[in-house]
Structures are given as structure tokens and as C-alpha cells.
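Architecture at a glance
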Amino acid sequence: MLGQIAKKIKNVHIAVFVFILFSIIFGGSFVKFIPPLQAPDELGHYLKADALSRNEVVPVIYNKNNVENENAKSWNEFGFYASKGVEKIVKLSFTVGNYPENKFDYQKAEEDNYPSSGKVFLPTGGITNYSIINFIPQTLGILFGKVLNTSPLAQYYLARAFNLVCYIVLIAIAISLFPFSKWAAAIIGLNPLAIFLAASTSGDGLTNGVALLFSAYVLRLAAKKQLTEEIEESSNRLSSKKIMIAGLLLIIAVTMKPTNIVLGLLFFLIPNKDMNIRRKVVWGSVILALSIGLYLLWNSLMVDQQILYRDFANPNLQLRHFLSNPGIFFNNLIKNFIFGNKGNYILLSYMGNFGWLNTPIGWHWAILYYSLLIVSAFLPNQKAIFFRWPKKLVLGVALILFTLLTFFALYQIWNPVDTKKAIQGVQGRYFIPISFVFIPLFSTKEGTINVAQNKILIVIGSILVILWLAVLRILAVRYGF
């Protein structure tokens, strides 16, 4: 038995171990040294997980008179009642988030002079409607802390640790399954901002992990005939079990973030010999119906976005105006992001805008990361796996649709009707879930860069060490650790 385990470990690509090692070292550093609630929107994420640990799912509506108000317009009136110990952590985080000169007062946060029965209303803002699935690892961490009778601050850090471990496991499996350059997959998994989110209580860590795992799994199904270990399969027909696994992953991914529905296009990459048109239509219809149905069902329990975002936009009117004149949206997107300088922010915030979006990494480090990612995409595994142009076209369509949906989602809820100046609210980190789709575009039949794995390890490992030390230095200066 030990021999079989050793053989399986030996067959694991070195990129998987590199990812795990870097994630543990640098992700663990984030968990240990970054003050509480410093990830984007983390306050709402943490409050949702804390509420879920008390079996509270549906947010309450609050006003100054402590009366539930069904006509509340501000998103700061939706949230949960939390302990005063949690409130302390929240208040102390605000002294750091927007004020780099301040340091988090851990001693004050550990003091618990409040009765356990004390409850204070805290708003969840734009995270109000997030699915409970996003917060499973964080909630388990908090519950584990409660079993150990720890302080709210200790429970918070356990939530971060559980979130990071979950991300590491999901991405390690995804890299193992990924049929194209595993080095590129590892570099995507080691996206500094993705690790930063995973090492917080943000639900986006799990969203990224599940979406990337789904992509890797379906891409493997699509490329299975080129994988040496699967060539000898007696049947071309793709089993219903594998389709169900892929469908479940997609349903979960869509429930956590609806723009992930675009990832369903990856099913069209599976050869018709393995999954004929009829099966694709039937399974696709079922998966699509369940994905949309569960998402709508969940949102029926939450707050109507027309109310939640009323302070910033008019989502329903924005949608009607788009349907009558879509050119305004597309002109805005093309002028400001494709041919304007707003696109630079998307690239930077994909991998290097930390804290409350006020701690950016230098552009030279961003260029180093993107250069490493692109070069690594040309590195084949032991066997060069490739897609022909028809399948690459499907990948391109998926990337374009995901981009358009992401921009429109923020255009609808964060911007005045028919705005032309820019599309506020869009951040590069929203594109992490579809990152794996980018890599097969570089695949070729002839293979690309043919270099020994030990040399690749030395070069990529050295660059990653330099990049991550730079990230740690930037954050150390920002947070004083």
C-alpha cells in the first residue's frame, strides 16, 4: 500500500508541489501577519460567515429605531446582529484600512469586557446576497474556535486558516487535473491577490477555487484522448458520473457567482464521440436550469438588488436602457477600457492591488508576473496537449462573454443610468475564475518550449521567490509587520 502511495506521489507533477509549498509559506504569512478585515469587502464576508456559524442565513433590515424596515433603501441597513467582540474587530479594522499610519491594536481586540449576550447590528453591504456556499470553510473555522472556547479574534484567524487550506486543496487538485501547462496553472493559482483573498475570510477564495477546478476538470475531459494514461480506455462514451461531477461543480460555481455560467461553454470542447450532441443538449439544459434555478431561489431569500444598490444606481432602469440602446454600454467599454487607460487598472488589480484597494504592487512586478505566466503557458507537460482552432474559438468566445457579463454586471448595479465616463466597480480580480481558459490558447501540435523540468523549476522557482518577497515587503511596509 505504501508503495502504491509513493508511486502516485511520484507521478504528481512538480508544479503541484511548488504551488503547495509557496501557498503554505506565503499564504500562511498572510494569515499570520495581515491585520483583520483588510481584504476587499472582507467585512461583509466575515459577518456572513459569523452569522452562519450561529445558523443565521437571512439578513435582517435595520434602522436607527431598531425596527425592521421593509422599505429600507440603503445597503448599510441590511446585515446581522453580531457580538460586541466582533464589533470591536470591525471598528479596529477601520483604523487601519484607510489609514496606513495606524497599526491594528491586537491587545484591545483580545480584550473581552462585554457580556456574551450583547448584540450589535453590523451591515454586510454588497456581500448581503452572497451564497452560504462561499462561507463554508470560514464558518467551519469559526465553529472550531467556538468549540475550543476561543476569543472572537482567534475565531476570525481560524476562519482565515480554514479558507486558505480549502483553496490550496482545490487548486492543487485542479493543477493535477489540468491537461495543459501545469506550470502556468500553478502560476495562476499563485496569483498574489488570489492567495491574499484565500488567506482572508473572503468568499471569493472558494469561488476562485471551485471555478478553476471545474475548468481543469472539463478541459481534461475534452483532452482525454491525448492523455497517455487514458488512451487505452475501452469506451469512448463519457460516463454520466463524470458529467454529473462537472455539472455539480458548475452549479456550485454559478451559485457563488452568476457570471461563472459562461464556463458552461467548456462542455462544447468535449468531442462528440465522447459526448454526442443529444447528451450535451440534455445535460446542458438540466445543468443550466439547476444553476439558474438555485441562484434565483437563493436570491428570493435575500434582498432585491433594486433596493440593495439604490444608493448607487437603478439596476432595473439600467437594464431597460441597455436593451433599447446597447451602444452606450459598448462605447463606454471600448473607449475607456479597450482603447483607454482604464484597462491598465484591470490588469494591475487582477494580481496586485491589496488591502482596501489602496495598496498596489509596482507595475514592474505586475509585468514580471504576466511575463512569467505567458512564457509558462508555452511549457508542455510530458506529452504536449493541444487544441485545434475550432476549440480555441470556443475558448475565445467564453473569455469574451465572461468579460462582457462581468463589465455589464458592475455597469448595472454600480453606475448611473447610461453613464459614459467609465464603468465603476470593475476589478481585475473578478476575472480570476476564468483564468485557466486562457492557457490552452497557446497550445500547438508541435509543442513549444522543450526544456528539462529541473531547469524550469530553477527559473520559475527563482522568479516566484523574487516576486513573492517583493509582495511581502510591500505589505510589510503597509501593515508594519
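Quick note: structure is the one above.
Let us look at the structure shown here. Only a predicted model underlies this, so the values are computations on that prediction, with no experimental measurement involved.

What follows concerns the overall build of the protein. For the protein, the count of helices and strands is 19 helices and five strands. On C-alpha atoms alone, the protein measures out to a radius of gyration of 23 Å, which is about the 23 Å that the 2.2 N^0.38 rule sets for 481 residues. With the C-alpha coordinates aligned to their principal axes, the bounding extent of the protein is approximately 70 × 55 × 45 Å. Burial status across the protein gives 52% buried among its 481 residues. Taken as a whole, the protein presents about 22,100 Å² of accessible surface, with 65% of it coming from carbon and sulfur. If you average the places of the 43 positive and of the 23 negative side-chain charges in the protein, the two averages end up 11 Å apart.

So, about the nonpolar core. Core analysis: the biggest nonpolar cluster contains 133 residues, and Phe19, Phe30, Phe214, Phe407 and Phe436 have the highest contact counts within it. Excluding residues that lie within four positions of it along the chain, phenylalanine 214 makes contacts with Ala246, Leu249, Leu250, Leu263, Gly264, Leu266 and Phe267. Counting seven residues, the second-largest nonpolar core is a separate cluster that includes Trp75, Val303, Leu308 and Tyr309.

This part takes up the pattern of salt bridges. Counted by the stated rule, this structure contains six salt bridges. One salt bridge in this structure joins aspartate 41 and arginine 429, with 3.2 Å as the shortest N-O distance. Placement of the pair is aspartate 41 in the loop between helix H2 (14–33) and helix H3 (42–52) and arginine 429 in the loop between helix H18 (389–414) and helix H19 (453–479), with a sequence separation of 388 residues. What makes arginine 429 buried here is its relative accessible area of 4%. Note that lysine 91 and glutamate 87 form a salt bridge whose closest N and O atoms lie 3.3 Å from each other. Residue lysine 91 and its partner glutamate 87 are located together in helix H4 (residues 84–97), separated by four residues, close to a single helical turn. For glutamate 87, a relative accessible area of 15% corresponds to the buried category. One network of salt bridges, in which partners are shared, links Asp41, Asp204, Lys257 and Arg429.

On the surface, a nonpolar cluster with roughly 410 Å² of combined accessible area is contributed by Val282, Val286, Leu290, Leu294 and Leu297. Here valine 282 is to be found in helix H12 (residues 277–301). Using a relative accessible area of 43% as the deciding quantity, one classes valine 282 as partly exposed.

So, on to the sheet that holds strand S1 (residues 60–61). Pairing is antiparallel across the open sheet formed by three strands, whose spatial order is S1-S2-S3. Sheet topology places S1 and strand S3 (119–123) at the edges, where each strand pairs with a single neighbour. With two bridges connecting them, S1 and strand S2 (residues 78–83) associate as antiparallel partners. Paired with valine 60 across the two strands is glycine 79, which belongs to S2. Of the strands in this sheet, S2 and S3 are in contact with H3, which crosses S2 at around 65 degrees. Of the strands in this sheet, S2 and S3 touch H4, which is tilted by about 115 degrees from S2.

What follows deals with the environment of asparagine 454. Among the secondary structure elements, asparagine 454 is positioned in helix H19. Along the sequence, asparagine 454 and isoleucine 127 sit 327 residues apart, while their C-alpha atoms lie 44 Å from each other.

Positive phi, normally seen in glycine, also occurs at asparagine 55, with a value near 65 degrees. With respect to the helices, strands and loops of the structure, asparagine 55 is situated in the loop between H3 and S1. Residue classification places asparagine 55 among the exposed positions, given a relative accessible area of 71%.

This part covers the environment of asparagine 102. Inspection of the secondary structure puts asparagine 102 in the loop between H4 and helix H5 (106–110). What makes asparagine 102 partly exposed here is its relative accessible area of 29%. It is 30 Å that separates the C-alpha atoms of asparagine 102 and tryptophan 414, two residues lying 312 residues apart in sequence. Filtering out sequence-adjacent residues up to four positions away, asparagine 102 remains in contact with Thr95 and Val96. A polar contact of 2.9 Å, which involves the side chain of asparagine 102, links it to the backbone oxygen of threonine 95.

Here we come to the side chain of serine 349. Position of serine 349 relative to the elements: it lies in helix H16 (residues 342–351). Ignoring anything within four residues of it in the chain, the contact list for serine 349 reads Leu193, Gln427, Gly428 and Arg429.

For the rest of this paragraph, the subject is the pairing of S2. Judged from the five bridges that link them, S2 and S3 form a sheet pairing that is antiparallel. Counterpart to serine 83 in the pairing with S3 is lysine 119.

Next up on the list: the packing of aromatic side chains. A complete count under the given rule lists 34 aromatic pairs for this structure. On the numbers, 5.8 Å between centres and 65 degrees between planes, the contact of phenylalanine 214 with phenylalanine 267 is edge-to-face. Here the residue phenylalanine 214 occupies a position in helix H10 (residues 204–222), and phenylalanine 267 occupies one in the loop between helix H11 (240–256) and H12, the gap between them amounting to 53 residues. Residue phenylalanine 214 shares its accessibility class with phenylalanine 267, and that shared class is buried. Each residue in the set Phe22, Phe26, Phe30, Phe196, Phe354 and Trp468 is aromatic and connected to the rest through ring pairs, giving one cluster. Here the guanidinium or amino end of lysine 392 rests over the ring plane of tryptophan 389, the centre of that ring lying 4.6 Å away.

Conventions used here
- Residues numbered from 1 in each chain as written.
- Predicted model: local features only at pLDDT ≥ 70, side-chain atom pairs only at ≥ 80, totals over all residues.
- Heavy atoms only, no water.
- Helix = DSSP H or I, 4+ residues; strand = E, 2+ residues; numbered from the N terminus.
- Rg over C-alpha atoms; globule rule 2.2 N^0.38 Å.
- Buried < 20%, exposed > 50% of the residue type's maximum accessible area, 1.4 Å probe, protein only.
- Areas by Shrake-Rupley, 256 points an atom, 1.4 Å probe, with all protein chains shown as cover.
- Lys, Arg positive; Asp, Glu negative; His and termini not counted.
- Charge placed at Lys NZ, Arg CZ, Asp CG, Glu CD.
- Core = buried A, V, L, I, M, F, W, Y, C linked by side-chain atoms within 4.5 Å.
- Contact = heavy atoms within 4.5 Å.
- Salt bridge = Lys/Arg side-chain N within 4 Å of Asp/Glu carboxyl O.
- Patch = residues over 30% accessible without salt bridge, like charges linked within 9 Å, V, L, I, M, F, W, Y side chains within 5 Å.
- Pairing = 2+ DSSP bridges.
- Axes fitted to C-alpha atoms, helices over the stretch in contact; angles between N-to-C directions.
- Polar contact = N/O pair within 3.5 Å; in protein donor to acceptor, adjacent residues only side chain to side chain.
- Phe/Tyr/Trp six-rings, centres within 6.5 Å; stacked < 30°, edge-to-face > 60°.
- Lys NZ or Arg CZ within 6 Å of the ring centre and 35° of its normal.

Shape is all these values report; function is a separate question.
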